[in-house]
Structure formats: C-alpha cells, structure tokens
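One letter stands for each residue in the lines below.
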Amino acid sequence: MERHIHLIPLFPMKMIRNILILCIIFSLTGGLKDPMFAQKITYNYLIDTSNIDTKQIMNLFESYIHSKPDSLYDNPYWNSDEKHQYKHFDFLESEFQPSLYMGFPVHVLSIKLKNGLYEIKAQFSYCQSDGTPYVLCIANYYAMKENGLYKLYNALPINRKNWLHTKIRQIDFYYPPYHVFDTLKAQALNDFANDLCNNLNVKVIPFEYYMADDFDEIQNLRGIDYYIGMGGEVKPTGRSNNYDKVYAGGMDENYFHEVFHILIDPHYPDKHQWISEGMATWLGGSRGESLQWHIIRTDEYLKKHPEINLNDLLTLKTIDKYTDYRYVLGGIIVKKIYEKGGWNSIIAFMKTGKSDENYYKAIETYLGVKKKDLNTYLRKELETSSKQ
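The rules behind these values
Per-chain numbering applies: the sequence of each chain, read as written, is numbered from 1 onward. Restriction of local features to residues with pLDDT of at least 70 applies here, the model being predicted, together with a cutoff of 80 or more for giving and counting side-chain atom pairs; totals for whole chains, interfaces and linings are based on all residues. Hydrogens are left out, water is left out, and the side-chain values use all remaining heavy atoms of the structure. Where helices and strands are cited, they refer to DSSP runs of H or I of at least four residues and of E of at least two residues respectively, numbered from the N terminus. Residues belong to one nonpolar core when they are buried, are Ala, Val, Leu, Ile, Met, Phe, Trp, Tyr or Cys, and are joined through side-chain atoms within 4.5 Å. Each residue's exposure class comes from its accessible area (1.4 Å probe, protein chains only) as a fraction of the maximum for that residue type: buried when under 20%, exposed when over 50%, partly exposed otherwise. Stacked, edge-to-face and tilted are the three classes for Phe, Tyr and Trp ring pairs, Trp counted by its six-membered ring, which pair at centre distances within 6.5 Å; planes under 30 degrees apart are stacked, over 60 edge-to-face, the rest tilted. Lysine and arginine charges are scored as sitting over a ring when NZ or CZ, respectively, is within 6 Å of the ring centre and within 35 degrees of the ring normal.

Caption draft 1: Region of the structure containing unusual backbone geometry. Following Gln97, the chain continues into Pro98 via a peptide bond in cis, with omega recorded as 5°. Here Pro98 is to be found in the loop between α3 (80-85) and β2 (106-114).

Structure representation (structure tokens):
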C-alpha cells in the first residue's frame, strides 16, 4: 500500500496529522449523525436547477449521500448491474479511511451531459478556521436511467473503455494505449499469485490490474480529478481496494506488493498491520523496489541516527517518501521467521492478533527476541542483510 490507509499514500506529516484529527473529530462526534458535521450538499450557482433531468439527478445524488453509502446493503440509488457484479459496488467509498463519506461537506461543481451520460463532479471539502478551503478530493460519478429512473454508476468501467485490455489467466490487465504490454511480466504476476495462494492455503481469485506511467492517470480513470496529497515528484505508487482491484503507477505488469494484499489479507484478518506490510514487502517490494533496496537505505540511515530506538519500532513512521519503517523492518521480521520455520511459521505468525502487544509477543515467540532487545537485533540484521 501503498495504501491501506491502504488508503492514503505517503503524505507530508502535517497533512497526515490534519487527516487524523478530522477522522478523530468525526468519530467522536458521530460523523454523519452529528448535525455539526452532517454531510451537507451545496451546488455551483451555474447548475441549471430548472432542467427536469438535472433536478432528478440532484435529488438522486443527495439521496445517495444521505443513505449511509459507507454501509454495505442493497442501496436503491445505485445501478443494479454493478450491485450484482460487485459486493463493494461504490469503487470510491474506501478511497479514504474510514470512508470517503466520513462527513466532509459536498459541493457539486457541475452536472453535465457527456457521451449520453450525466457526469456529476463533486468536491469533498470544508472551510478551515482561517477561511482557506481544505479539499479532500474532487470525484466524478455518472448517472443514467435504469427502468425509467436515474441511478448512479462508477466512472472506472466507463472511462476504461478508452484503455486497452488483456486477460492472462485470472488477471484482467487494463493499460493506456501508449503502453506496450509485456506478456512475460504478466505471466510472472499470475505465477506469483498462484504460488502465494498455494503456500498460504488460500484459493486464488480473479482480479483487475490497472497500470500507467503516472498514478494520477489511474486516479483520473477512476473518476478522481484531485485527491489530497496529489502533486510533487512522479514516483512509483501502488494501491489496492483490498477486494479485487490493484492500481499500479509506474510499475508495469508485475507489481507483487498489492497483489498480496487483495489475495491474502481477507483470509488472515487477525494480524497486525506491520505483518501485512512486512509480508507484502518481503514478497513483492515497495515503491517499485525490492526489500533488499530498502534494507540498504535503512541501514545507512540508522547508522547516521544512533539515537533512534528500534525497541519502540511501532512508534516509527517513515524515513522519507520512498521508505517506510513498517515495510522494511516488518519485511525483515517476516523474512527471518520464514528462514527459521518456513511457511507454517508464517501462517501461524499471521494469526497472532492485531494489537501492538500481540505483535511484540509474536516476535518473541517466533524469533526469540524480546522487545527490549529489538534495537540491537534489528540493527544487526540490517547491517548483515545489506551486505548480501
């Protein structure tokens, strides 16, 4: 991820802090249930409310936003085909944690007819105390009639008609016309998926894999014009929806990391997040680079910072925009457990609980390393592994 926060990429710490504060406030106040943070909907004054179809679509969108769209049920405002095909039919709902619909006021920027469909462009944002806007995202929805009534549709299946599609066994690959498809890499990804599921006693499932040079191309494909954290240097970025879709920016056909998350995480829910990210990085790298690449960088960094105490490793966040402690240190830990006990130990390790206390206890159980000795142990492993 990567996402998992899975649903928020690596942002500046100030930005992350702001998002977390908002999430806490929404949680403590009841979010959508509290009138202070009710998901209010306003409209750009240029929208023609006298048009009958436009008015019907406004009512549709308002009804959906107020219908608890973060809950899984047969929502009457979404189209039947996507509800039948996908359990999690609103592809943008899980874009942010706890949900896109966590309570941000919504401002509809435009409603326009496009290629026989009505496009709804909505900004999720609020006004800060200093008067400046805080924009979470600008997202696009589509609406068209189903049995005489307007229903909502995802942008992704509509927009991807302009992309190319290749199916290799259980994976549907989608990519822009400029991309030259690499069949060997695609087959390697299929082999990885099959071997992974076989080793962890999980049934492999079909999934969709979207790739482009720039992750923002994929976001646009999904209907996201802007998201908080957008901009800056273009770098390899991977995400997944944790169900059946992988989004890989700058990483071609064989980005293994997010494939681990969609295939394995649902079957092993009782594990710490560091185990999930560590496994995905050990097996599939991170940010387009191998675990070994991150080990070398982390070893160099920690040698320059002896004051950093790895005994409290779960309090550590990111080294920089490329390397995250939970990916590299989590990766080393699962790698050592595998070397010591094979896949049986890995499977047992992934069932040890979600709490921090569970994680430290599991490390002691499977590696024989107490929490108070982690700083010495991990620094030694980093130094040794970086020379391999």
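Caption draft 2: How the structure looks around the nonpolar core. Membership of the largest hydrophobic core comes to 62 residues, with the highest contact counts inside it found for Phe173, Leu200, Tyr209, Met279 and Leu313. Broken down by element, this core gets its largest block of residues, 11 residues, from helix α10 (residues 325-349). Ranked by size, the runner-up nonpolar core spans 46 residues in total, among them Tyr43, Leu92, Leu136 and Tyr141.

Caption draft 3: Summary view of the packing of aromatic side chains. Counted according to the given criterion, the structure contains 23 aromatic pairs. Ring geometry for Phe104 against Tyr126: centres 6.0 Å apart, planes inclined by 70°, an arrangement best described as edge-to-face. Here Tyr126 lies in strand β3 (residues 117-127) and Phe104 lies in the loop between α3 and β2, a separation of 22 residues in the sequence. For Phe104, a relative accessible area of 2% corresponds to the buried category. The side chain of Lys245 reaches across the aromatic face of Phe91, ending 4.1 Å from its centre. Lys371 extends its terminal NZ or CZ atom over the ring of Tyr360, reaching a point 5.0 Å from the ring centre.

Structural measurements only, silent on function.
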